[in-house]
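What the coordinates show
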Amino acid sequence: MAASLRDDTISKLEHVWSSLSALGASLTPDEWSLPTDCPGWTVKDQFSHLIGTERSLAGLAPTDHVATFGPHVRNELGQRTEHEVDARRDLDGAAVLAEFDGLVALRRAQINALTDEQLAADSWTPIGPGTLLDFMQIRILDFWVHEQDVRRAVGRPGDLDGPVAEHTLDRLLRGLSMVVGKRVAPAEGTSISFELTGPVQRALTIGTVDGRAKPIEPPSGGSTASIAMDSETFLVLVCGRRTPKQVATNAHVAGDQKLGESVLANLNTMI
């Protein structure tokens, strides 16, 4: 395993862990109880969710608490998640943050002790079979997405650019071929250009070629539809935190309006 890939993954985890810890330490008691874009979850619940998942990865026993499920819980994974979240609802924010910081210290030691062979071992991941290192790279995404949930809820934007933001958005951009090809399914020869205008800047064109949607070079005559938005707007759409109507002033469609609006309506790729 290339040392740079191992070190890069650990460095990004360290960054997002530290950013979340500092954000949590800055919160007032009232801010811990603010609602977030995840239905049924407060700021404190976001941290509790991250704790529950990371406890499992650390090899620690899950809670024996049994939650009462609200309408936001829609599958077995959501039920397991809600048990961990609900188990901490009677705790104050400071106690949840202390547990988070202690768990991060444990995970830091565990991950740094892993050999290259262990990191390359087969592992279940939320997107299918992979390696343990693949899972760690998905954890970077999960931590950062939930950090941004908290930041929006408390009105403290930050950490919207840099290596962790770029890592996460680049992984989310991979889902655009599926969105276009399977959900929108436009005619052969259709092309859709996407532009993230910042803080993370990216440009990508998806075209339907031989019945499949895939990244292509931008057509010389322009794409069938073009969609431009800032990278935070892309984040909240692709993660299902907001609807196209809620961010209408931030997402701009040129060319085939109906096609562009269909893509925006189908961007959510989060389970």
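Cut-offs applied
- Residues numbered from 1 in each chain as written.
- Predicted model: local features only at pLDDT ≥ 70, side-chain atom pairs only at ≥ 80, totals over all residues.
- Heavy atoms only, no water.
- Core = buried A, V, L, I, M, F, W, Y, C linked by side-chain atoms within 4.5 Å.
- Buried < 20%, exposed > 50% of the residue type's maximum accessible area, 1.4 Å probe, protein only.
- Helix = DSSP H or I, 4+ residues; strand = E, 2+ residues; numbered from the N terminus.
- Contact = heavy atoms within 4.5 Å.
- Polar contact = N/O pair within 3.5 Å; in protein donor to acceptor, adjacent residues only side chain to side chain.
- Phe/Tyr/Trp six-rings, centres within 6.5 Å; stacked < 30°, edge-to-face > 60°.
- Lys NZ or Arg CZ within 6 Å of the ring centre and 35° of its normal.
- Axes fitted to C-alpha atoms, helices over the stretch in contact; angles between N-to-C directions.
- Parallel < 35°, antiparallel > 145°, perpendicular 65-115°, else oblique.
- Salt bridge = Lys/Arg side-chain N within 4 Å of Asp/Glu carboxyl O.
- 1 Å grid on protein atoms, 1.4 Å probe; cavity = no way out; pocket = protein on both sides within 12 Å on 5 of 7 lines; lining within 4 Å.
- Points joined across faces, edges and corners; volume = space filled by probe spheres on them.
- Nonpolar A, V, L, I, M, F, W, Y, C, P; charged D, E, K, R; others polar.
- Pairing = 2+ DSSP bridges.

Some remarks on the nonpolar core
Counting 61 residues, the largest nonpolar core has F47, F100, W144, M229 and F234 as its most contacted members. Per-element tally for this core: the top contributor is helix α7 (residues 132-154), with 10 residues. Not counting the four nearest positions on each side in its chain, F47 is found in contact with L20, G24, W32, V96, L97, F100 and V150.

What to know about the side chain of E84
In this structure, E84 sits in helix α4 (residues 76-87). Within the structure, the side chain of E84 is placed 3.0 Å from the backbone nitrogen of T63, a separation counted as a polar contact. Not counting chain neighbours up to four residues away, the residues in contact with E84 comprise S48, G52, P62 and T63.

Structural notes on the packing of aromatic side chains
One pass over the full model with this rule turns up five aromatic pairs. Ring centres of W17 and F143 lie 6.3 Å apart, and the angle between their planes is 85 degrees; on these two criteria the pair is classed as edge-to-face. Placement of the pair is W17 in helix α1 (residues 3-25) and F143 in helix α7, with a sequence separation of 126 residues. In this structure an aromatic cluster arises from ring pairing among W17, W32, F47, F100 and F143. Lying across the ring of F143, R139 places its NZ or CZ 4.6 Å from the centre.

Topic: unusual backbone geometry
P199 follows G198 through a cis peptide bond whose omega is 0 degrees. Relative to the helices and strands, P199 resides in the loop between β3 (191-197) and β4 (201-209). A positive phi angle is found at D159, which is not glycine, with a value near 55 degrees. Positionally, D159 belongs in the loop between α7 and α8 (163-173). Unusually for a residue other than glycine, A185 sits at a positive phi of about 50 degrees. Structurally, A185 can be placed in the loop between α9 (176-184) and β3.

Focus: the packing of α7 against helix α10 (residues 231-238)
Working note: a packed helix pair is described by the angle between its axes plus the distance between those axes. Where α7 contacts α10, the axes come no closer than 12 Å and their chain directions differ by 105 degrees. Comparing their axes, α10 and α7 come out roughly perpendicular. Judged by residue contacts, W144, V145, Q148 and R152 of α7 engage E232, L235 and V236 from α10.

Focus: the pattern of salt bridges
Counting across every chain of the model gives 18 salt bridges. Ionic pairing is found between R6 and D116, a salt bridge with its closest N-O pair at 3.0 Å. Of this pair, R6 sits in helix α1 while D116 is found in helix α6 (residues 116-119), placing the two residues 110 residues apart along the sequence. A relative accessible area of 30% means that D116 is categorised as partly exposed. For R139, the salt bridge identified is with D142, shortest N-O distance 2.6 Å.

Side note on the side chain of S123
Position of S123 relative to the elements: it lies in strand β1 (residues 122-123). Using a relative accessible area of 16% as the deciding quantity, one classes S123 as buried. Discounting chain neighbours no more than four positions away, the residues touching S123 are G128, P129, G130, T131, L132 and F135.

Structural notes on empty space enclosed by the protein
Think of a ball as big as a water molecule: rolled over the atoms, this probe shows where empty space is left. Considering all chains together, one arrives at one cavity of 30 Å³ or more under this definition. Roughly 30 Å³ of internal volume is contained in the largest cavity. Forming the walls of the largest cavity are R6, T9, I10, I111, L119, L133 and M136. Among the secondary structure elements, those contributing two or more residues to the lining of the largest cavity are α1 and α7. Per-class residue counts for the lining of the largest cavity are five nonpolar, one polar and one charged.

Looking at the pairing of strand β5 (residues 212-216)
Relative to β5, β4 runs antiparallel, the two sharing five bridges. Paired with V209 across the strands is R212, a residue of β5. Between β4 and β5, which pair antiparallel one after the other, the connecting turn spans two residues, and D210 there sits at a positive phi close to 55 degrees.

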